[in-house]
2 protein chains.
Amino acid sequence: MAIKTNLDLVNETDNFPYYEDGRENYTDFLSSYWEFHLQGWSKPLGYIPEWAVEKMPWGDLWELDTKKRTVKPGRLESVPSQEELIRATLEKARDSKVFEVLKGWRNELYPIFGPRNTIENIVSMERAGSALFGINSYGVHMTVYVQTEEGMKIWVPRRARNKQTYGGYLDNTVAGGVSTGEKPFECMIRESAEEASFPEDLVRSKAKVCGTVSYIHIRDKRAGGETGLFQPECQHVYDMEVPADVVPKPNDNEVEEFYLWTVEEVQKAMAEGQIKPNCALVLLDFFVRHGILTAENEPDYVEIVSRLHRKLPFPTS
Amino acid sequence: MAIKTNLDLVNETDNFPYYEDGRENYTDFLSSYWEFHLQGWSKPLGYIPEWAVEKMPWGDLWELDTKKRTVKPGRLESVPSQEELIRATLEKARDSKVFEVLKGWRNELYPIFGPRNTIENIVSMERAGSALFGINSYGVHMTVYVQTEEGMKIWVPRRARNKQTYGGYLDNTVAGGVSTGEKPFECMIRESAEEASFPEDLVRSKAKVCGTVSYIHIRDKRAGGETGLFQPECQHVYDMEVPADVVPKPNDNEVEEFYLWTVEEVQKAMAEGQIKPNCALVLLDFFVRHGILTAENEPDYVEIVSRLHRKLPFPTS
């Protein structure tokens, strides 16, 4: 088994090129995507692979510009809103089974933010379609740990082996997606109950807000469904130290089991590629903030810390 | 007095454009700089303003390519090394008083890193010249705080009013530059003694390693000397909680006085622009890591957290 360095783990998830690292490479890579636009803002809000542009049942209400390589809702006489047009288009694609990823339809909306006061309110999109349009998406990840006589130990769940995405991989203690209208902290409270059976009172009093981890991921086959999808993601990160008698229990069928592991055991599993790739980034950020990973013991420290906080390509507020 | 938002504070220091935010603007901005190269690595290691390229006394041992807009040491028959050539050139510029910033000559070397195993060992450059060549530079910043009955209070120094750069501005409790060969943690120990009279034992036992803050700054007149210089900087950040009886004392003539301020007092001073701009970024990172700034109370949270950790444009390890 090839052992991965921490920088390898970062490269695997934050795997869309940086312009500064090679202008031609960046431009070549991006040339296989079209820009997704909305009325009300002149800049792109997502990147769609060209093959997905060709397969999407756009109908007559979208403007496709083959020269500029942009997709944008046209003037909206026939549908009530841009959001409604996106919904109708994705439902049609789902019903005609055009895309694998739409088999995971969730009836859950993800927000698309424009700079303040531009786009009509906030436009939302079915979560399963967000990766097809390549919009920014937002999640929460919490690392729950215990101080023991053997040092810090971290609660690590194993994902159910039959999960469509990353089945059997190790995960962060609590993780989930932030829907339209949901506050990140409230999302984390909800996910803590759903995924680990942590009581709300415990989480409200003990969880600490610690920042974000962000990256741009180009999807590969481990995620299930189509590959090459453009996924800029921001994870709101939280830490929670709990006493030894607080034990997470799976509360849905998404988690198979929780392990209580030392930092060394977690690092070994990471190096062996056992952890869901984006979760490795959240753990690296945890190790940085807790002084476990330092400039003195990690040769790629400076690069890693910045790569864990990539500026997302589209507006975020 | 105009009140600055936290994003304003970030924009003021991380003020070099992002390619993704506007490709033409980025390219226009960069077109007034030349690339600084070394033998042994094909990519740039710094950006030099065109007017500085014109004024620098390069002599015959550098290769200037007016088409590619690059500056690079030529083949080195006449000087012992690239480092020696840089030193001789900067000394000549200093002695002939070509640049204001070289009046602050320090006899202190800053490292230039290439990717591992490329450039002959590490090449170093006089600190005062680093901003002229636009190389990555590295520092340490520590936030020292006390838990009191009124909540957390932070030790904030005021820089001596006669300092050449940012005289009279507020600063981080301890801050300094990391020289060639110095480990960041050891640098922070040294600066803690020099700037705040903190005993080494105290700092070694109490200081916590917490990551980095990084940005690309285009220098304005508050920094003293020439403006428009390209300064990519990485600050290694540390926190230290101390008991109420540990009081910092200025130990050189760089600090005028230390204040012990509540978070609100520090935030007010930041919003009023009283704090040295890059120090404001370190404090924002501190507020993020301590859950003082959150997605719920700061509308620009997601953007701010990523902007505090910009990927530097040149190799870092």
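Counting from 1, residues in each chain are numbered in the order their sequence is written. In the order they appear in the text, chains get letters beginning with A and ligands get numbers beginning with 1. In view of the model being predicted, local features appear only for residues whose pLDDT reaches at least 70, and side-chain atom pairs are presented and counted only at 80 or more, with totals across whole chains, interfaces and linings using the full set of residues. Think of the side-chain values as coming from all heavy atoms in the structure, minus any hydrogens and water.

### Details of the overall build of chain A
Phase 1: Strands are runs of DSSP state E lasting at least two residues, helices are runs of H or I lasting at least four, and both sets are numbered from the N terminus onward. Looking only at helices and strands, chain A has 10 helices and 12 strands in total.
Phase 2: Radius of gyration: over C-alpha atoms. The globule rule applied is 2.2 Å multiplied by the number of residues raised to the 0.38 power. Scaling as 2.2 N^0.38, a compact globule of 317 residues should have a C-alpha radius of gyration of about 20 Å, and chain A matches this with 20 Å.
Phase 3: In chain A, buried positions account for 58% of the 317 residues.
Phase 4: Two residues form a contact once any of their heavy atoms are found within 4.5 Å. Nonlocal contacts in chain A, meaning residues at least 24 apart in sequence, comprise 69% of its contacts between residues at least 6 apart.
Phase 5: The Shrake-Rupley method, run with a 1.4 Å probe, gives the accessible areas here. Residue values count only the displayed protein chains as cover. Accessible surface for chain A amounts to roughly 13400 Å². Of this, 47% is attributable to carbon and sulfur atoms.
Phase 6: The positive count covers Lys and Arg only, the negative count covers Asp and Glu only, and His and the chain ends enter neither. For charged residues, the charge sits on one atom: NZ in Lys, CZ in Arg, CG in Asp, CD in Glu. One finds the centroid of the 37 positive side-chain charges in chain A at a distance of 4 Å from the centroid of its 50 negative side-chain charges. Only protein chains enter the calculation, and the probe is 1.4 Å; a residue is then buried if its accessible area is under 20% of its type maximum, exposed if over 50%, and partly exposed in between.

### Some details on the sheet that holds strand β3 (residues 62-65) of chain A
All names here are of chain A.
Phase 1: We call two strands paired when DSSP finds no fewer than two bridges between them. The mixed open sheet is built from 4 strands, whose spatial order is β2-β1-β4-β3. Edge positions in the sheet fall to β2 (46-49) and β3, since each of these pairs with one other strand and no more. Strand-to-strand twist in this sheet, taken as the mean axis angle between neighbours without regard to direction, amounts to 25 degrees.
Phase 2: Across 4 bridges, β3 lies against strand β4 (residues 70-73) in antiparallel orientation. If you follow Trp-62 over to β4, its bridge partner there is Pro-73. Note on geometry: axes are C-alpha line fits, over the in-contact stretch for helices, and angles between N-to-C directions span 0 to 180 degrees.

### So, the layout of surface pockets
Phase 1: Put simply, the largest pocket is a space of about 1200 Å³.
Phase 2: In terms of lining residues, the largest pocket is bounded by 47 residues, among which Arg106(A), Arg127(A), Arg159(A), Thr165(A) and Lys276(A) are the most central.
Phase 3: Contributing elements (two or more residues each) for the lining of the largest pocket: α5 (127-133), β7 (137-148), β8 (151-159), β9 (174-177), α6 (184-196), β10 (208-218), β11 (230-241) and α9 (277-289) of chain A.
Phase 4: Basically, the charged four are Asp, Glu, Lys and Arg, the nonpolar ten are Ala, Val, Leu, Ile, Met, Phe, Trp, Tyr, Cys and Pro, and anything else, Gly included, counts as polar. Classifying every residue of the lining of the largest pocket by side-chain character gives 13 nonpolar, 19 polar and 15 charged.
Phase 5: Note: domain ranges come from an automatic or database domain assignment. When residues of the lining of the largest pocket are assigned to domains, at least three fall in each of domain 1 (6-15 + 136-307) and domain 2 (32-133) of chain A.
Phase 6: In this structure, the second largest pocket spans a volume of roughly 1100 Å³.
Phase 7: A cavity, in this analysis, means grid points on a 1 Å lattice covering only the protein atoms where a 1.4 Å probe fits yet has no way out; a pocket is instead an open set bounded by protein on both sides within 12 Å along at least five of seven lines, and a residue lines either one if it has an atom within 4 Å of a point. Forming the boundary of the second largest pocket are 43 residues, of which Arg106(B), Arg127(B), Arg159(B), Thr165(B) and Lys276(B) lie nearest the centre.
Phase 8: When contributions to the lining of the second largest pocket are tallied by element, the ones reaching two or more residues are α5 (127-133), β7 (137-148), β8 (151-159), β9 (174-177), α6 (184-196), β10 (208-218), β11 (230-241) and α9 (277-289) of chain B.
Phase 9: Across the lining of the second largest pocket, the residue classes break down as 12 nonpolar, 16 polar and 15 charged. Grid points are joined across faces, edges and corners, and a volume is the space filled by probe spheres set on the points.

### Things to note about the relation of the copies chain A and chain B
Phase 1: It takes a turn of 180 degrees to lay chain A on chain B, together with a shift of 0.0 Å along the axis; the resulting RMSD is 0.0 Å. Both copies of the chain, as the preceding transformation shows, are related through a two-fold rotation axis. The C-alpha atom lying nearest the rotation axis in chain A is that of His309(A); the distance is 3.0 Å.
Phase 2: Same-surface contact between copies: 100% of interface residues of chain A are shared with the interface of chain B. Fitting of the copies onto one another was done by least squares over C-alpha atoms, counting residues only where both copies have pLDDT of at least 70.

### A closer look at the interface of chain A and chain B
Phase 1: Chain A puts 42 residues into the contact, and the matching count from chain B is 42 residues.
Phase 2: Buried area, as used here, totals the accessible surface that two parts lose on assembly, with accessibility defined by a 1.4 Å probe and the loss added over both. Of all residues in chain A, Glu296(A), Val302(A) and Lys311(A) bury the most surface against chain B, accounting for 18% of the area lost on that side.
Phase 3: Salt bridges are defined as contacts in which a side-chain nitrogen from Lys or Arg sits within 4 Å of a carboxyl oxygen from Asp or Glu. Ionic pairing is found between Lys311(A) and Asp21(B), a salt bridge with its closest N-O pair at 3.0 Å.
Phase 4: Mapped onto the side of chain A that touches chain B, the elements with two or more residues apiece are α2 (23-30), α6, β10, β11, α9 and α10 (301-307) of chain A.
Phase 5: For the side of chain A that touches chain B, the leading source of residues is α10(A), giving 6 residues.
Phase 6: Of the residues contributing to the side of chain A that touches chain B, the split by class is 17 nonpolar, 11 polar and 14 charged.

### Some words on the pattern of salt bridges
Pairing between side chains of opposite charge can happen when their charged atoms approach one another.
Phase 1: Within the structure shown, the criterion is met by 50 salt bridges over all chains.
Phase 2: Ionic pairing is found between Asp239(B) and Arg289(B), a salt bridge with its closest N-O pair at 2.8 Å. Of this pair, Asp239(B) sits in strand β11 while Arg289(B) sits in helix α9, placing them 50 residues apart in sequence. No difference in accessibility class separates Asp239(B) from Arg289(B), as the two residues are buried.
Phase 3: Residues joined by salt bridges that share partners form a network here, namely Lys4(A), Glu12(A), Asp220(A) and Arg222(A).

### Examining the UniProt feature "domain: Nudix hydrolase" (unreviewed entry) in chain A
Phase 1: UniProt positions are given in the numbering used here, feature names are shortened, and annotations may be inferred rather than shown by experiment. Taking the numbering used here, the UniProt-annotated feature "domain: Nudix hydrolase" (unreviewed entry) corresponds to residues 137-283 of chain A.
Phase 2: With 24% helix and 38% strand, residues 137-283 of chain A has end C-alpha atoms that lie 19 Å from one another.

### Regarding the sheet that holds strand β2 (residues 46-49) of chain B
All names here are of chain B.
Phase 1: With respect to topology, 4 strands assemble into an open sheet ordered β2-β1-β4-β3, the strand pairing being mixed. Looking at strand neighbours, the two that pair on one side only are β2 and β3 (62-65), the edges of this open sheet. When strand polarity is set aside, the average angle formed by the axes of neighbouring strands in this sheet is 25 degrees.
Phase 2: Pairing between strand β1 (residues 33-36) and β2: 4 bridges, direction antiparallel. Looking across to β2, one finds that Trp-34 is bridged to Ile-48.
Phase 3: Most of the contacts of helix α4 (residues 82-95) go to β3, to which it runs at about 80 degrees, and overall it touches β1, β3 and β4 (70-73).

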